[in-house]
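Report on the structure
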Amino acid sequence: MGNTTSSPKITAQDKAILQVKLQKDKLLKYQKKSTLLIKNETNQIKACLSKGDKTSAKIILKRTKYQENLLENVSNQILNLENMIQNIEFKLIEQDFLKGLQNGNEILKKLNNEMKLDQVETLMDDVNENIQIQEEIDQVLSNSIVGKDYEDEIDEELAMLEKEEFMKQGKQSEQSGQQSKDNNELIEKLPSVDKLQDIKQDEEEEKDEEPVKVKQKKTALLA
Amino acid sequence: MSQYKFPQIYNFPPFFTKQPNEQTWQAQLNNWIQLILSYCKANKVWILNNKGEALSQGNIEDLEESITSLSINQDDGISKDGIFVNNKIQRRLEPQVINEIFQQMVKNNDAFYITKKDQSSVFINFYRPEDWASMILEWIESTGQNGTVLTMYEISQGDLSLNKEFHGIHPVILETALNVLVKRSRAQLLKDEDGKIAGVKIV
């Protein structure tokens, strides 16, 4: 029986609990037997009474009373044993709980020993320093990517464009003054066919340019 | 005896005579075994004798009553409800045939003899010991009783096992089931001073 090493081991507590439980079982069996006996005896009493045999009925009744008395004692004892078993089982659980707490405490201690306060402080300082360095590097990197020269160029170009725009506006206001003259000139120019062709060519050129731009945009989007 | 509904073949007269044809006899034998197993399962018959009477049945705690009532039947020599007697069609199975059925059942592990010498009665494994073992293990786990010591009485009669199939199980059959668990290293048996199994620790 259970010669294998991995089979559950029986401890002294197990044996003790078993003893108590066996006692309880015995009492339970006794309880069952007694109730059965009492039942039989009450039946007997009824039978005796129906026969008119009062004396034997009385004797049996005495026995029954005695049995009932015992039965009550047995019930109390069963209750006691049950309490006892529950207490033992709970104590075992408490023991396990204490063991668990102890183990946890030891592990915590070990871990705390591994992490000395000085070490942690220097480590934290180190980490802080490193973070600062990282931040500096970040700044440098973000600056150098969008180079200053490049930015200056952009500014210059923007200023130029602004100037041009400004100039155009100035010219336009001048042109509006000259428009009446220009119109006259245009009318004069109109009949000549050569010049018309020139204008047409210009228009075509513009048209050619536009699709290219659109294409470029598209490729840009795709990219 | 119970609400058990016998299969139709039970009212078929040739069923009670051993068929000479070997093949037919094998089929008949199997039918009988199935009938016995389902009958015993429905009535919780633990021990069946070769008169077809249940010597131990139902919750084992009421054993004393059932035995006394049964012994009266035995004295009569004629069983009232024996499984091998069908009064309706006035047929009974010959003892020799019954013994052959028992032999086959023992071979199939559907039953085992009470003792090696006494082959007049068998314990019926209407559940295999492995099945009982699984049921008990499942119960142990679902009730959180792993690692606690249980008495045999607690398993078969305890309040915690009240609605379980194995409530009221015969101690001998319970022992076979527990031995399965011991072989699987899931249980350890505890014996009392007389060497009888008193309790078990199941993990």
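Residues numbered from 1 in each chain as written. Chains lettered and ligands numbered in written order. Predicted model: local features only at pLDDT ≥ 70, side-chain atom pairs only at ≥ 80, totals over all residues. Heavy atoms only, no water.

An unreviewed UniProt entry lists chain B under the name Vacuolar protein-sorting-associated protein 25, from Wickerhamomyces ciferrii. Per UniProt, chain B has the following entry under Sequence similarities (unreviewed entry): "Belongs to the VPS25 family." (UniProt positions renumbered as here; feature names shortened; annotations may be inferred.)

The name given to chain A in an unreviewed UniProt entry is Vacuolar protein sorting-associated protein, and the organism recorded there is Wickerhamomyces ciferrii. You can read under Sequence similarities (unreviewed entry) in the UniProt record for chain A the words "Belongs to the SNF7 family."

1. Points about a negative patch on the surface
Side chains of Glu151(A), Asp152(A), Glu153(A), Asp155(A), Glu156(A) and Glu157(A) sit close together on the surface and give a patch of like negative charge. Within the secondary structure, Glu157(A) is located in helix α4 (residues 148-189). (Patch = residues over 30% accessible without salt bridge, like charges linked within 9 Å, V, L, I, M, F, W, Y side chains within 5 Å. Areas by Shrake-Rupley, 256 points an atom, 1.4 Å probe, with all protein chains shown as cover. Salt bridge = Lys/Arg side-chain N within 4 Å of Asp/Glu carboxyl O. Lys, Arg positive; Asp, Glu negative; His and termini not counted. Charge placed at Lys NZ, Arg CZ, Asp CG, Glu CD. Helix = DSSP H or I, 4+ residues; strand = E, 2+ residues; numbered from the N terminus.)

2. What to know about the interface of chain A and chain B
Between chain A and chain B, the residue contacts involve 20 residues of the former and 24 residues of the latter. Both sides of the chain A and chain B interface together cover about 1,900 Å² of buried area, and 62% of this is carbon and sulfur. Across the contact surface, chain A and chain B share 2 salt bridges. Here Lys201(B) and Asp14(A) are joined by a salt bridge, their closest N and O atoms 2.5 Å apart. Sort the elements by how many residues they give to the side of chain A that touches chain B and helix α1 (residues 12-51) of chain A lands first, with 11 residues. Looking at side-chain class alone, the side of chain A that touches chain B contains 7 nonpolar, 5 polar and 8 charged residues. (Contact = heavy atoms within 4.5 Å. Buried area = accessible area lost by both parts, 1.4 Å probe. Nonpolar A, V, L, I, M, F, W, Y, C, P; charged D, E, K, R; others polar.)

3. Points about the confidence of the model for chain A
Averaged over all residues, the pLDDT of chain A equals 80, while 73% of them reach at least 70. Under a pLDDT of 50 for its full length, residues 1-5 of chain A has, in the predicted model, 8 contacts with residues more than four places off or in other chains. (pLDDT = per-residue confidence, 0-100.)

4. Focus: unusual backbone geometry
Residues and elements named next belong to chain B. You will see that Lys 44, though not glycine, has its phi angle at about 50 degrees, which is positive. Relative to the helices and strands, Lys 44 is located in the loop between α1 (22-43) and β1 (45-49). Of the residues examined, Lys 44 reaches a relative accessible area of 18% and is grouped as buried. For Gln 90, which is not glycine, the phi torsion reads 55 degrees and is therefore positive. Within the secondary structure layout, Gln 90 lies in the loop between β3 (85-86) and β4 (91-92). (Buried < 20%, exposed > 50% of the residue type's maximum accessible area, 1.4 Å probe, protein only.)

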